[in-house]
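# A closer look at the structure
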Amino acid sequence: MGIEYSPEISELLGRVRRRPNAGWPWRPAEAVPAGLPVKQSWGWLFAPDGRVLTLVNPRDGVVSLPGGSLEPEDAGDPGRALAREAAEEAQALIAGPVYLGYLYDRVGSANGGNECARVRMAAALLGAGPSAPDPASGRHYRRLLVAPGLAVELLGWGLPGLRQARAAVAAAAVRWGVPVRADETIEELPAAGCRLR
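Description of the structure in this document. (Residues numbered from 1 in each chain as written. Predicted model: local features only at pLDDT ≥ 70, side-chain atom pairs only at ≥ 80, totals over all residues. Heavy atoms only, no water.)

Turning our eyes to something else, we now look at the packing of aromatic side chains. By the definition in use, this model includes 1 aromatic pair. Measuring from ring centre to ring centre gives 6.2 Å for Trp44 and Trp157, while their planes differ by 80°; the resulting arrangement is edge-to-face. Of this pair, Trp44 sits in strand E2 (residues 38-46) while Trp157 is found in the loop between helix H3 (148-155) and helix H4 (158-176), placing the two residues 113 residues apart along the sequence. Take Trp44 and Trp157: they sit in the same class, and that class is buried. (Phe/Tyr/Trp six-rings, centres within 6.5 Å; stacked < 30°, edge-to-face > 60°. Helix = DSSP H or I, 4+ residues; strand = E, 2+ residues; numbered from the N terminus. Buried < 20%, exposed > 50% of the residue type's maximum accessible area, 1.4 Å probe, protein only.)

And the structure:
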């Protein structure tokens, strides 16, 4: 059976634009070294059927995972930052963030030109509220559930992204019992919101 999706999603995916791969080395399961600031936290958010939440900016077609920069209210906790950013960007409610590793950003594009870490996490996606613009950017993302391998393709992350996805799937299978082989249907979360667990 092939990947299933609606004509509306087909039209949206036809406008997807991938960001250039920055080439940051992926450090799976390694703790962030002391003295290396953590500037961002992004997450693989798993629905019970193994699909993950991806965000599509309909203006420019850029696909991303939920997440963003750590703010003072996060108190240096990447899990707290992920929960806050997922709520702001996707109105998503998550549980149990699990640390997967980090990307080493040697040029520090997220840290004023100084090296930094960009953390990757996995979390259970419990549901989402009514669709709304991100208060920080004003962007109104489309919220798609897709299989992790397709997320890697849409993100344009190549082999390092595939390694991240595998680590995320392994953690989610153990932690939340999601299937290792996800449902391949592409589905947009309802604009009115939904509960998944």
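If you walk through the whole model with that rule in mind, you get 9 salt bridges. Note that Arg51 and Glu187 form a salt bridge whose closest N and O atoms lie 2.8 Å from each other. In this pair, Arg51 is assigned in the loop between E2 and strand E3 (52-56) and Glu187 in strand E9 (residues 187-188), connecting sequence segments 136 residues apart. Taking the relative accessible area as the measure of exposure, Arg51 reaches 5% and is therefore buried. As a salt-bridge pair, Arg84 and Glu73 come within 3.8 Å of each other at their nearest N and O atoms. With Arg84 in helix H2 (residues 78-90) and Glu73 in the loop between strand E5 (67-69) and H2, the pair connects residues that are 11 residues apart, well separated along the chain. (Salt bridge = Lys/Arg side-chain N within 4 Å of Asp/Glu carboxyl O.)

Along the chain, the position of Asp134 falls in the loop between strand E7 (116-128) and strand E8 (142-146). There is a polar contact of 3.0 Å between the side chain of Asp134 and the backbone nitrogen of Ala136. Only 3.3 Å separates the side chain of Asp134 from the side chain of Ser137, close enough to count as a polar contact. Setting aside its immediate chain neighbours within four residues, Asp134 contacts Glu88, Glu89, Arg139 and Tyr141. (Polar contact = N/O pair within 3.5 Å; in protein donor to acceptor, adjacent residues only side chain to side chain. Contact = heavy atoms within 4.5 Å.)

It is worth spelling out the nonpolar core at this point. Judged by nonpolar contacts, the single largest core of 29 residues is most densely connected at Leu13, Trp44, Phe46, Leu100, Leu144 and Val146. Those elements giving two or more residues to this core turn out to be helix H1 (7-13), E2, E3, strand E6 (92-105), E8, H3 and H4. Considering every element that reaches this core, the biggest residue donor is H4, with 5 residues. Those residues in contact with Phe46 that sit more than four places away from it in its chain are Arg51, Val52, Ala122, Ala123, Ala124, Leu125, Pro148, Ala168, Val169, Ala172, Val178 and Arg197. (Core = buried A, V, L, I, M, F, W, Y, C linked by side-chain atoms within 4.5 Å.)

Right, let's get into the layout of surface pockets. By volume, the largest pocket is sized at about 740 Å³. If you trace the largest pocket, you find 35 residues lining it, with Arg19, Gln40, Trp42, Ser64 and Arg118 closest to the centre. Elements with a contribution of two residues or more to the lining of the largest pocket: E2, strand E4 (63-64), E5, H2, E7 and H4. Of all the elements, H2 adds the most residues to the lining of the largest pocket, at 4 residues. Split into classes, the residues belonging to the lining of the largest pocket amount to 13 nonpolar, 11 polar and 11 charged. (1 Å grid on protein atoms, 1.4 Å probe; cavity = no way out; pocket = protein on both sides within 12 Å on 5 of 7 lines; lining within 4 Å. Points joined across faces, edges and corners; volume = space filled by probe spheres on them. Nonpolar A, V, L, I, M, F, W, Y, C, P; charged D, E, K, R; others polar.)

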